[in-house]
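Below are the chains, spelled out letter by letter.
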Amino acid sequence: MPGLVAAPGLLTSFDCSLQVHLVVGSNSLAGARCTKSLEVGAKVKLIAPESDGLHYGLRQRVDAGEIEWIRREFVAEDLTTLGREEVDSIADLVFVTLPLSCGTGAYISGLCRRLRIPVNVADSPSLCSFTLLSTFTDGPLQFGVTTSGNGCKLASRIRREIASGLPEGIGEACNKIGKLRRSLWEESSDFGAIQAEGEDNADQKSTFNTLITPEDAEAAKTRRIRWLSQICEYWPLAKLCALADSDIESILKSYTSTEIRGNDEVSEPGLENLQKRGRIQLIGSGPGHPDLLTTASLKAIKSADLVLADKLVPAPVLELVPRRAEVYIARKFPGNADKAQEELLEMGLSGLKRGLNVVRLKQGDPYIYGRGAEEYEFFSKHGYTPIVLPGITSALSAPLFAALPATHRGVADQVLICTGTGRKGAALDPPEYVASRTVVFLMALHRLQALVKSLTDKDWPIHLPCAVIERASCPDQRVIRTTLENVCAAVEEEGSRPPGLIVVGWSCEVLHKLEKKWVVEDGFKGI
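Residues numbered from 1 in each chain as written. Predicted model: local features only at pLDDT ≥ 70, side-chain atom pairs only at ≥ 80, totals over all residues. Heavy atoms only, no water.

*Asks:* I'm lost on the overall build of the chain in this one. Help?
*Replies:* Secondary structure summary: the chain contains 17 helices and 18 strands in total. Taking all 527 residues of the chain together, the buried fraction comes to 43%. Restricting to contacts in the chain with at least 6 residues of sequence separation, those with at least 24 account for 64%. Within the structure as shown, the chain displays about 29100 Å² of accessible surface, and the carbon and sulfur contribution to it stands at 53%. (Helix = DSSP H or I, 4+ residues; strand = E, 2+ residues; numbered from the N terminus. Buried < 20%, exposed > 50% of the residue type's maximum accessible area, 1.4 Å probe, protein only. Contact = heavy atoms within 4.5 Å. Areas by Shrake-Rupley, 256 points an atom, 1.4 Å probe, with all protein chains shown as cover.)

*Asks:* Would you explain the nonpolar core in this entry?
*Replies:* Proteins that are soluble and globular tend to have nonpolar side chains buried together. Core analysis: the largest hydrophobic core is formed by 22 residues, its most contacted members being F441, L448, L451, V487, I502 and V504. Elements represented by at least two residues in this core include exactly β14 (437–442), α16 (448–457), β15 (465–470), α17 (487–494) and β17 (500–504). (Core = buried A, V, L, I, M, F, W, Y, C linked by side-chain atoms within 4.5 Å.)

*Asks:* Honestly, the packing of α16 against α17 in this entry has me stumped. Any pointers?
*Replies:* When two helices pack together, their arrangement is given by the angle between their axes and by how far apart the axes lie. Between α16 and α17, whose axes approach to 9 Å, the crossing angle comes to 170 degrees. In terms of axis orientation, α16 runs roughly antiparallel to α17. For the pair α16 and α17, contact is made by L448, Q449 and V452 and by V487, C488 and V491, respectively. Residue composition of the contact of α16 with α17, grouped by class: 5 nonpolar, 1 polar and no charged. (Axes fitted to C-alpha atoms, helices over the stretch in contact; angles between N-to-C directions. Parallel < 35°, antiparallel > 145°, perpendicular 65-115°, else oblique. Nonpolar A, V, L, I, M, F, W, Y, C, P; charged D, E, K, R; others polar.)

*Asks:* Help me understand the pairing of β15 in this model?
*Replies:* The element β15 is extensively covered by neighbouring structure, given that 6 of its 6 residues are classed as buried. The alternating pattern of β15 places P465, A467 and I469 and C466, V468 and E470 on opposite faces, both of which are buried. Of the pairings in the sheet, the one linking β15 to strand β16 (residues 478–483) comprises 6 bridges and is antiparallel in character. Its bridge partner being in β16, I469 is matched across the sheet by V479. Of the strand pairs in this sheet, β15 and β17 are connected by 5 bridges, and their pairing is antiparallel. Bridging across to β17, A467 finds its partner in V503. (Pairing = 2+ DSSP bridges.)

*Asks:* Would you explain the packing of aromatic side chains in this entry?
*Replies:* By convention here, two paired aromatic rings are described through the distance between centres and the angle between planes. Within this structure, the stated rule accounts for 6 aromatic pairs. Measuring from ring centre to ring centre gives 5.2 Å for F378 and F379, while their planes differ by 80 degrees; the resulting arrangement is edge-to-face. Here F378 falls in the buried class, since its relative accessible area comes to 16%. By relative accessible area, F379 is classed as buried at 1%. Taking the ring centre of W235 as reference, the NZ or CZ of K239 above it sits at 4.6 Å. (Phe/Tyr/Trp six-rings, centres within 6.5 Å; stacked < 30°, edge-to-face > 60°. Lys NZ or Arg CZ within 6 Å of the ring centre and 35° of its normal.)

Okay, structure coming up:
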């Protein structure tokens, strides 16, 4: 016969502030239960003998005075003596985290059920009068998922899947709808009349002496409910999350004018008055070839209103920008980098204030020597939190396109990415030489001689293989394979083709053995 399926539980949300919760056990699960109870404002009493030894997290909370530790085994009287005075010292909630083999869980569950005390016994759904939900919290918004004891891991996964589909700022949207709801109540004529009754208010409305009938009050309440319902039911969640305080005022004005006209047919209240909120995306354009853009970055570029691009972003990538969008290329050159950066940031902020979709297009990856974190901080301080999309960094892709494995068994087991130039052009303090390490120096070719000298001064072998890789993944890619001893002469002889980087280490000769001072390879055939 098929097994009986338990009826679904009644999902509720309790105010647990100042309640007394008993936690029986001393393991990591007991620590998690204590944390959950403390988060909702309950007072926690832990029951466990000293001989069991406390989990590290529990020990910290006991030492900090956050929970009370009753250092003995559980006894039946704990349920009726450790609670609050206002409920005759009966415990409000009990968690049992002991192993199933000890049998204490069934004993405590029976006692709690007779006393109508909610009880949860770990790994024993049949002994529980309630189960915990896998919860999501964002400000005032909370929701939970339960599988009714059939698998907490599955509940957690389902909760994550649901939460991942919600737009950013959904909790704040709830706050704004709550603010709008309160404001609508205050704007209603019946509320104003009731509020003013018996008050000496110098700012009374002109409708103060208007007769308010029960029918009028009920009609106003109906309009108010319908208005809020349309906002909550039909507006996209992303639109609700983008509401600003000024938008709330626009909606209120629209509601007031509609109420005066007596028009109940309100399809999208205040929609025409809402200001489009700009957004900023920091995007890595990869090493150069447009096919190496991520799908997310390509979508962002296609949706841009304003593109602020680094000087070295290749033309094939810029050609993907839609014709309607405005494109600005950074005017960076030696001595002007900081000023040009400030100019880009101000242009981006101006575009955001105009409600534009701003794309900051950066070469490689935004956070690998791309000042991405500085830009994130700047825009966040001005109220626009950027979306950051990764790009394939040339530090890892350029060696690949040059048939140079950054790691190789028995040759190189680590990779180090360095800048070849310090802040404001200062000389680099080079890393120590490690034979099993491949080092990639970005932005180093303009001061190559100084870099090589600093390395050899730190006892890097002069005959160590290296490779200069320029315009990686572009049609005019060039690779110069040589050694530290000859790299400066090779670059001087062959000329420079920025942007470029230099890779140093024994991995440079794994697939290509050098038989002369240097070898030059032109062109890219990787895609």
